[in-house]
Amino acid sequence: MIRLSSCDLTLVNAVHNDLQRLERALLLIWARTDPIAAAHPALLPEALIACIGAQLGIQPETVIQYKNCPVLHNTDMKAVQDYLRLRSFTAEDTGLLRSFLAAQVLQTANTTELIKAAYGWLASQQIFRPAAKTVIQRIVYQVRRETEETLFQNLAHQLTQAQRDQLDGLCRTCQGRSILATLVTPPHAASTEAIRDEGRRLEVVRAALPDTIDWIGIQPPRLWQWAAIVRRLSAQALRRYPPAKRYALLLAFLTVRGPEITDVIVEMFDTLIGRLFARANAELREAQMEQVQANLTSARLFRGITQVLLDPQVPTHRVRDRIFQQVSREQVSTLVSRSRSLDENEVEGLFALLKQRFSQVREPARVLLQMLRFSSPGAYSPVLAGLETLHTMDREHRKKAPKDAPLGFVPERWMRAVVGPNGIDRRAWELCLLYQVRQALRSGELSVEGSRNYAPWSAGLYTPTEWRQERISWFVTSGLPHNGEDYLAQARTELDALATRAAGLLLDHPSIQIKDGRLIRTAQDRLQTPAGAASMRRSLTALLPRVGLPQLLLEVDSWTGFTSAFDHLTTRREPTPRHQETIRSTLLAVLVAEATNIGLTAMAAASGIPHGQLVRVYDWYLREETLQQAIQVLIAFHQSLPLTRAFGSGAVSSSNASEFARLVSGPYARYRASGDALGRKVNIYSHVSDQAIQYWIGLVSPLAQEAPYTLDGLVYQDLLPIQEHATDTPGCTDLLYGLFELLGYRLALPLDDLPDQIMIRAQEGASYGILDPLLLYATRDPLIITQWETMNRVAASLKDRLIRPSLLIPKLQNMDEGNTLRQSLQEVGRIARTRYILNFIVDASLRQRVLAGQHRCISVDALARAIFFGQQGRVSDRDSAAQFRRILALSLVINAIIVWNTRYLEVAAQESARRGQPVPEDMWQYLHPIMWEHLHLVGEYLFDRVISDTAQGNRAGPECCQST
């Protein structure tokens with residue numbers, strides 16, 4: 001509740017008329033919350049006006065009189081402005097704001113972000129915003145247009161005539177297709193031919209992109225925005241652009257596309273090498289099973305032969321004939337041959353199988369060596385030395401490996417297969433090298449020039465110089481000690497208290513006991529819900545109106561205005577209300593087509609909206625940034641609803657991974673071992689808060705584990721105060737626990753593998769009773785102390801979004817086991833894991849929160865699958881960006897449903913109370929709004945009719961909750 005201070009009351013009571021006192025107090029509150037000049041305080045919520053009136057001792061009838069006949073006095077406005085030390089927006093400020101915005105245009109073209117930045121600048125200068133919103137918006141659009149024109153001219157002036165001709169050549173069509181169309185085409189599934197195709201595209205990009213371009217401060221988000229324009233235009237349309245603009249857009253596209261193609265080539269190489277070794281291992285296992293069967297057959301044959309040899313009645317000169325009467329000569333010969341071929345050790349057998357498919361990886365390896373340039377962050381890399389030797393061998397057409405070929409990358413267990421009596425086996429050496437290249441690229445030991453995903457592991461982190469500037473603010477905001485010694489002291493004190501308490505509870509714990517020196521779950525916890533929760537949920541659901549997706553989305557948009565987040569990719573003018581209303585139905589239709597996965601063709605038939613109109617809106621309005629902004633609008637609105645806080649605090653969340661089948665291959669396809677085309681999967685990873693909102697969703701790379709994406713969702717959100725996060729995703733290693741600890745989050749797991757957990761002893765020599773046999777691990781303090789600065793530099797870089805956790809964590813996990821940074825993060829992670837295990841033993845509510853989080857994720861996943869029914873749940877997009885837009889549209893619709901359900905549940909609860917069945921306040925945490933029984937997800941999607949009905953007032957609002 002907002003309360004006026006004594007100084008505030010002095011300002012307010014300077015006037016004696018009650019109406020004017022109330023007006024001045026409300027103006028003061030408004031200006032503090034949102035400093036807009038001449039804003040009318042009567043627009044504030046009625047409850048707030050009544051609360052302020054009560055604080056001032058004003059009678060309720062006077063408050064009602066003010067709301068009915070508000071009068072705004074300039075003297076009150078001036079008094080509040082002077083009191084808050086705010087000033088009016090002047091012509092001089094306009095010039096300063098334009099200069100500020102011109103610098104912002106170098107970083108983003110997103111109008112919403114620019115307007116937000118402008119408002120932030122006004123607040124920092126203590127300036128009242130003009131009352132008319134269009135004043136600032138007009139300045140933003142004008143500055144953006146003028147700055148972009150200047151940027152286009154500056155970039156074009158750097159090009160020679162030959163370079164301009166090279167760029168124009170990309171837009172020329174030959175036999176109905178341009179080079180640009182080839183560059184825009186998304187990649188196919190990993191294969192030798194696909195790698196060749198990508199290599200040719202990379203050559204075109206490098207030939208057309210000048211070596212020296214001064215981007216004059218333009219940041220990557222702007223380049224991506226310009227590149228997105230090129231992707232959506234035909235070569236013919238691009239030729240109609242003014243030359244300066246055309247050249248700037250093409251330069252941006254090539255600059256963005258080069259690293260993308262480079263990453264695709266590396267990912268395809270990774271996939272092919274992984275597939276080769278996986279198939280060889282599978283065949284080796286089959287061969288080993290054959291060997292077992294051959295051994296059994298040999299034993300049976302040997303038994304028959306020995307019976308003949310030991311039979312005294314068989315003359316010596318007749319033994320051979322009698323044996324072949326028992327066992328045929330062909331059987332013995334076949335068995336001997338098979339036994340010889342299988343009588344190899346596992347490594348030699350593996351490489352024998354690999355060599356049979358050597359040609360499948362030799363050509364991709366040649367393309368890789370020819371097209372990409374590798375480097376290593378270390379002083380010496382045996383893998384890099386091996387690549388250089390291989391490159392020399394290819395250039396000189398050598399068939400044998402040189403005697404001095406590097407062997408430092410060959411694991412000891414593989415050395416026998418690589419180096420034999422006759423020297424180095426060329427094929428085995430090269431296969432081993434290619435496998436180690438794959439591992440080195442994943443760990444960051446090997447980097448690729450011009451790549452985003454395969455840059456050195458430290459690329460994107462704060463440099464040591466930047467870290468010295470950020471260090472103090474990081475430790476202040478994170479709350480971590482400035483040195484490792486203090487961190488260890490605090491951790492040991494906390495672990496000591498927890499271990500002592502847990503030891504006492506384990507003597508009579510309901511679900512966890514110690515047996516044979518191991519923690520054992522004697523009973524699985526169940527989610528505890530109060531009696532009557534299920535029936536209450538059913539009764540509330542029955543009170544909800546039956547609606548279709550068009551009605552629901554339109555109504556939520558009328559509350560939140562989320563469709564205003566979708567602006568045209570190339571817009572330079574403020575869209576008119578008429579234009580926004582014109583595309584509104586088409587935009588909602590496109591969102592539903594994407595979320596339900598029925599596609600634009602089916603949506604055109606179901607909605608009556610022309611297919612071409614749907615395609616235009618999809619191409620120019622549906623982007624990752626606009627979808628993300630719309631989702632943020634929904635989340636912010638959900639946070640403002642009174643019932644939201646009853647579901648949970650918003651500080652707890654959970655996540656899980658889901659697989660969606662797809663038909664067409666691409667870089668994000670996941671293959672099953674069978675290689676069946678129908679087994680390809682695209683993985684999504686989503687985060688759900690304890691208030692049931694899906695606040696993050698991501699597309700998982702098939703080359704990485706899902707666990708690192710857990711941190712992506714936490715770091716890349718700003719609206720929820722998440723402190724604890726639960727997940728059952730495999731791969732949550734000590735290193736991940738360590739990063740969670742440094743970033744200020746508590747990682748919670750169901751701990752199904754409780755007996756295998758490593759636990760730290762807090763104090764040497766201390767007795768922890770029944771826990772003593774388990775607390776065996778002693779922290780390696782020197783690692784944490786010496787690496788404390790580096791670990792916090794990494795954490796600060798992740799927190800400030802300089803690099804994505806899902807890119808960095810796999811590199812850290814794939815580092816050499818002896819790497820000190822990796823080991824130090826694991827040590828911190830073991831401390832965090834031990835603390836969590838002890839809390840898991842001690843805190844029954846923690847175990848319930850983990851179960852509740854899993855239940856919410858399962859419910860959201862079920863809702864997603866119910867919505868995503870089109871094409872039998874298969875995604876037909878080959879382009880990963882299109883796949884991501886589709887799952888973002890799905891997330892938007894899910895969150896719109898959650899918002900609609902939350903608002904209508906409150907009305908349903910009021911109706912239930914009127915009928916004599918009130919909902920207890922403590923019951924709401926078990927009645928989350930993830931429900932869809934009342935929704936029509938299939939059928940006609942007549943958005944124009946819904947909009948027409950709404951305009952005529954035929955749609956009942958949330959104030960009227962109708963029973964079905």
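Cut-offs applied
- Residues numbered from 1 in each chain as written.
- Predicted model: local features only at pLDDT ≥ 70, side-chain atom pairs only at ≥ 80, totals over all residues.
- Heavy atoms only, no water.
- Helix = DSSP H or I, 4+ residues; strand = E, 2+ residues; numbered from the N terminus.
- Buried < 20%, exposed > 50% of the residue type's maximum accessible area, 1.4 Å probe, protein only.
- Areas by Shrake-Rupley, 256 points an atom, 1.4 Å probe, with all protein chains shown as cover.
- Expected span 1.5 Å × (residues − 1).
- Polar contact = N/O pair within 3.5 Å; in protein donor to acceptor, adjacent residues only side chain to side chain.
- Phe/Tyr/Trp six-rings, centres within 6.5 Å; stacked < 30°, edge-to-face > 60°.
- Lys NZ or Arg CZ within 6 Å of the ring centre and 35° of its normal.
- Axes fitted to C-alpha atoms, helices over the stretch in contact; angles between N-to-C directions.
- Parallel < 35°, antiparallel > 145°, perpendicular 65-115°, else oblique.
- Left-handed = near helix turned anticlockwise from the far one by under 90°.
- Contact = heavy atoms within 4.5 Å.
- Nonpolar A, V, L, I, M, F, W, Y, C, P; charged D, E, K, R; others polar.
- Salt bridge = Lys/Arg side-chain N within 4 Å of Asp/Glu carboxyl O.
- Bend = angle between axes of the 7 residues up to and from the residue.
- Core = buried A, V, L, I, M, F, W, Y, C linked by side-chain atoms within 4.5 Å.
- Pairing = 2+ DSSP bridges.
- Right-handed = clockwise from strand over helix to strand, strands pointing away.
- pLDDT = per-residue confidence, 0-100.

Colleague: Explain the overall build of the chain here, please?
Modeller: A count of helical and extended segments in the chain gives 39 helices and 17 strands. The burial tally for the chain puts 52% of its 964 residues in the buried class. With the model as given, the accessible surface of the chain reaches about 44100 Å², and the carbon-plus-sulfur share is 51%.

Colleague: Help me understand helix 21 (residues 426–443), please; the structure alone is not making it clear to me.
Modeller: Since the α-helix packs 3.6 residues into each turn, any two residues three or four apart lie on the same face. Relative to the 26 Å expected for 18 residues at 1.5 Å per residue, helix 21 spans 26 Å between its end C-alpha atoms, a close match to the ideal helical length. Judged by how many residues are buried, helix 21 sits mostly within the fold: 15 of 18 residues are covered. For helix 21, the N-terminal cap is Asp425; the gap from its side-chain oxygen to the backbone nitrogen of Arg427 is 3.1 Å. One or two steps after helix 21, the chain reaches Gly444, where phi turns positive at roughly 85°.

Colleague: How do you make sense of the packing of aromatic side chains when you look at a structure like this?
Modeller: In this description, an aromatic ring pair is defined by two values, namely the gap between the centres and the angle between the planes. Tallied over the entire structure, the rule returns 14 aromatic pairs. Their ring planes at 45° and their centres at 4.6 Å tell us that Phe277 and Tyr435 sit as a pair that is tilted. Here Phe277, found in helix 14 (residues 243–309), pairs with Tyr435, found in helix 21; they are 158 residues apart in sequence, far enough to count as distant. Summarising the burial analysis for this pair, Phe277 and Tyr435 share the class buried. Members of the aromatic cluster, connected to one another through ring pairs, are Trp559, Phe637, Trp900 and Tyr904. Residue placement shows Arg903 over the ring face of Trp559; its charged tip is 4.3 Å from the ring centre.

Colleague: Honestly, the packing of helix 32 (residues 734–743) against helix 35 (residues 805–813) in this entry has me stumped. Any pointers?
Modeller: Helix packing geometry: the angle between the two helix axes and the distance between the axes. Running from amino to carboxyl end, helix 32 crosses helix 35 at an angle of 135°, the nearest separation of the two axes being 10 Å. Classified by the interaxial angle, the pair formed by helix 32 and helix 35 is oblique. As for how helix 32 packs across helix 35, the hand of that crossing is right-handed. Here Leu735, Leu736 and Leu739 of helix 32 lie close against helix 35, whose contacting residues are Ile809, Leu812 and Gln813. Considering only residue class, the contact of helix 32 with helix 35 consists of five nonpolar, one polar and no charged.

Colleague: So what exactly am I meant to see when it comes to the environment of Ile195 here?
Modeller: Examined against the element boundaries, Ile195 turns out to sit in helix 11 (residues 192–208). The spacing of Ile195 and Ile265 is 70 residues in sequence and 5.9 Å in space, taken between C-alpha atoms. Apart from residues no more than four positions distant in its own chain, Ile195 is found in contact with Ile265, Met268, Phe269, Leu272, Pro364 and Val367.

Colleague: How should the pattern of salt bridges be read in this particular structure?
Modeller: Note that side chains of opposite charge can pair when their charged atoms are close. Within the structure shown, the criterion is met by 48 salt bridges. A salt bridge links Arg196 to Glu363, with the shortest nitrogen-to-oxygen separation between them at 3.6 Å. Residue Arg196 is located in helix 11, and its partner Glu363 is located in helix 18 (residues 358–371); the two are separated by 167 residues in the primary sequence. Residue Arg196 is classed as partly exposed on the basis of its relative accessible area, which comes to 28%. Its relative accessible area of 26% is what places Glu363 among the partly exposed residues. In this structure, Asp772 engages Arg761 in a salt bridge whose closest nitrogen and oxygen atoms are separated by 3.2 Å. One end of the pair, Asp772, is in the loop between strand 15 (759–760) and strand 16 (775–777); the other, Arg761, is in the loop between strand 15 and strand 16, and 11 residues separate them in sequence. For Asp772, a relative accessible area of 24% translates into the label partly exposed. Linked by salt bridges that have partners in common, Glu193, Arg196, Asp197, Arg200, Glu363 and Arg366 make up one network.

Colleague: It is not clear to me how helix 26 (residues 577–596) should be interpreted in this structure. Could you clarify?
Modeller: Taking 1.5 Å of rise per residue, 20 residues should cover 28 Å, and helix 26 covers 28 Å from first to last C-alpha, within 8% of that figure. Taken as a whole, helix 26 carries its principal kink of about 40° at Arg584. For helix 26, a buried count of 14 out of 20 residues is recorded, marking the element as mostly surrounded by other parts of the structure.

Colleague: Explain the nonpolar core here, please?
Modeller: One finds Trp226, Phe562, Phe566, Leu591 and Leu771 to be the most contacted residues of the largest nonpolar core, which totals 256 residues. When sequence neighbours within four positions are dropped, the list of residues in contact with Trp226 reads Glu148, Leu151, Phe152, Leu155, Ile218, Ala248, Leu249 and Ala252. The next biggest cluster of nonpolar side chains, apart from the first, holds 15 residues, and it includes Leu4, Ile29, Leu56 and Ile58.

Colleague: What's the story with the side chain of Asp712 in this structure? I'm lost.
Modeller: Position of Asp712 among the secondary structure elements: in helix 31 (residues 709–715). Accessibility expressed as a relative area gives 1% for Asp712, which makes it buried. Not counting residues up to four positions away in its chain, the partners in contact with Asp712 are Trp696, Arg804, Pro805 and Ser806.

Colleague: Even after reading the chapter, I still don't get the packing of helix 9 (residues 161–170) against helix 11, so can you show me in this structure?
Modeller: Two elements in contact, helix 9 and helix 11, have axes whose closest approach is 9 Å; the angle formed by their N-to-C orientations is 145°. Contacts between helix 9 and helix 11 involve Gln166, Leu167 and Leu170 from the former and Val204, Ala207 and Ala208 from the latter. Classifying every residue of the contact of helix 9 with helix 11 gives five nonpolar, one polar and no charged.

Colleague: Would you mind showing me how to read the pairing of strand 12 (residues 694–700) here?
Modeller: The side chains of a regular strand alternate between both faces of the sheet. Counting buried positions along strand 12 gives seven out of seven residues, so the element sits mostly inside the fold. Taken together, the six bridges between strand 11 (residues 681–689) and strand 12 define a ladder with antiparallel strand orientation. Considered in strand 12, the bridge of Ser686 is made with Ile697.

Colleague: Explain the pairing of strand 13 (residues 724–727) here, please?
Modeller: Of the two faces of strand 13, the one holding Glu724 and Ala726 and the one holding His725 and Thr727 are both buried throughout. One crossover worth recording links strand 13 to the parallel strand 14 (residues 746–748) by way of helix 32, and it is right-handed.

Colleague: I tried to follow the confidence of the model for the chain on my own but got confused; where do I start?
Modeller: The predicted model of the chain averages 85 in pLDDT, with 90% of residues at 70 or higher. Predicted confidence in the chain is weakest over helix 39 (residues 943–951), with a mean pLDDT of 59, and strongest over helix 34 (residues 788–799), with 96. Under a pLDDT of 50 for its full length, residues 951–957 has, in the predicted model, 13 contacts with residues more than four places off or in other chains. Under a pLDDT of 50 for its full length, residues 959–964 has, in the predicted model, 18 contacts with residues more than four places off or in other chains.

Colleague: What's the story with unusual backbone geometry in this structure? I'm lost.
Modeller: Both trends apply: most residues other than glycine have a negative phi, and most peptide bonds are in trans. The phi dihedral of Asn597 is positive, around 70°, even though this residue is not glycine. In this fold, Asn597 is placed in the loop between helix 26 and helix 27 (599–607). Look at Arg801: it is not a glycine, yet its phi comes out positive at around 65°. Tracing the sequence through the fold places Arg801 in the loop between helix 34 and helix 35. Judged by its relative accessible area of 32%, Arg801 is partly exposed.

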